[in-house]
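What follows is each chain in one-letter form.
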Amino acid sequence: QVQLVESGGGLVQAGGSLRLSCAAFRRTFSTYIMAWFRQAPGKEREFVAAITWSGGSTYYQDSVKGRFTISRDNVKNTVYLQMNSLKPEDTAVYYCAADRADTFPGSRSWAYDYWGQGTQVTVSS
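Residues numbered from 1 in each chain as written. Predicted model: local features only at pLDDT ≥ 70, side-chain atom pairs only at ≥ 80, totals over all residues. Heavy atoms only, no water.

Teacher, can you tell me more about the pattern of salt bridges here?
Oppositely charged side chains can pair when the atoms bearing their charge come close. Taken as a whole and assessed by the stated rule, the structure comprises 4 salt bridges. Connected through shared salt-bridge partners, R38, E46, R67 and D90 make up one network. (Salt bridge = Lys/Arg side-chain N within 4 Å of Asp/Glu carboxyl O.)

Mind showing me how you'd approach unusual backbone geometry here?
Across the chain, the bulk of peptide bonds are trans and the bulk of non-glycine residues have phi less than zero. In this structure, N77 is a non-glycine residue whose phi angle is positive, near 55 degrees. At S85, a position not held by glycine, the phi torsion is positive, near 50 degrees. Along the chain, the position of S85 falls in the loop between β8 (78-83) and β9 (92-99). Note on S85: relative accessible area 42%, which makes it partly exposed. (Helix = DSSP H or I, 4+ residues; strand = E, 2+ residues; numbered from the N terminus. Buried < 20%, exposed > 50% of the residue type's maximum accessible area, 1.4 Å probe, protein only.)

Even after reading the chapter, I still don't get the state of the cysteines, so can you show me in this structure?
In protein chemistry, a disulfide is the covalent bond that joins the sulfur atoms of two cysteines. Under the definition given, this model contains 1 disulfide. Across the disulfide from C22 sits C96; the S-S distance is 2.1 Å. Handedness here is read from the sign of the S-S torsion; for C22 and C96, about -80 degrees, the answer is left-handed. Pair noted here: C22 is in strand β3 (residues 18-26) and C96 is in strand β9, with a separation of 74 residues, a long-range link. Assigned by exposure class, C22 and C96 land together as buried. (Disulfide = S-S within 2.5 Å.)

Could you clarify how one ought to interpret the packing of aromatic side chains in this entry?
By convention here, two paired aromatic rings are described through the distance between centres and the angle between planes. All told, the structure shown has 7 aromatic pairs when counted by the stated rule. Summarising the aromatic geometry, the rings of F37 and F47 are spaced 5.7 Å apart at their centres and angled 75 degrees between planes, so their arrangement reads as edge-to-face. Taken together, the positions of F37 in strand β4 (residues 33-39) and F47 in strand β5 (residues 46-52) put the pair 10 residues apart, joining distant regions of the chain. Summarising the burial analysis for this pair, F37 and F47 share the class buried. On the basis of an interplanar angle of 75 degrees and a centroid distance of 5.3 Å, the ring pair of F37 and Y112 is categorised as edge-to-face. Highlighted residues: F37 in strand β4 and Y112 in the loop between β9 and β10 (114-115), separated in sequence by 75 residues. Residue classification places Y112 among the buried positions, given a relative accessible area of 3%. An aromatic cluster is built from F37, F47, Y59, Y95, F104, Y112 and W115, whose rings are joined through pairwise contacts. (Phe/Tyr/Trp six-rings, centres within 6.5 Å; stacked < 30°, edge-to-face > 60°.)

Could you clarify how one ought to interpret the environment of R100 in this entry?
Position of R100 relative to the elements: it lies in the loop between β9 and β10. Between the C-alpha atoms of R100 and A111, which are 11 residues apart in sequence, the distance is 9.8 Å. Apart from residues no more than four positions distant in its own chain, R100 is found in contact with Q1, S30, T31 and Y32. (Contact = heavy atoms within 4.5 Å.)

I keep staring at the nonpolar core and nothing clicks. Help me out?
Across soluble globular proteins, you tend to see nonpolar side chains buried next to one another. Core analysis: the biggest nonpolar cluster contains 27 residues, and M34, W36, L81, M83 and Y94 have the highest contact counts within it. Beyond its immediate sequence surroundings of up to four residues, M34 is in contact with L4, C22, A24, A49, A50, I51, W53, I70, V79, C96, A97 and A98. Judged by nonpolar contacts, the second largest core, of 9 residues, contains A35, F47, A97 and A111. (Core = buried A, V, L, I, M, F, W, Y, C linked by side-chain atoms within 4.5 Å.)

Here is the structure:
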């Protein structure tokens, strides 16, 4: 019921900034929650941030709180992840995810039904 198209990944130096975008093409007018996950080689996919589509409530992993900001543009139907003060430890494939829900479904990947293809973020020192 929703197609996710990601962009904005790339290579950046430590301490720099990068903004990821996720365009959501909804097939219905249902309420969705949008989220970002990331997965480094050899590690499990982990939750990064989430935002409710209507209310704009946000949720963050503690390690990125204060550095990353998730936001949405209801006119463009796009969710953003602004990443500042990037560290080499942030290097991973970042995925956009969505779920048909009115409230935060949790930080587990299985709670989200729709996923983008992923975009590589590499932070060099």
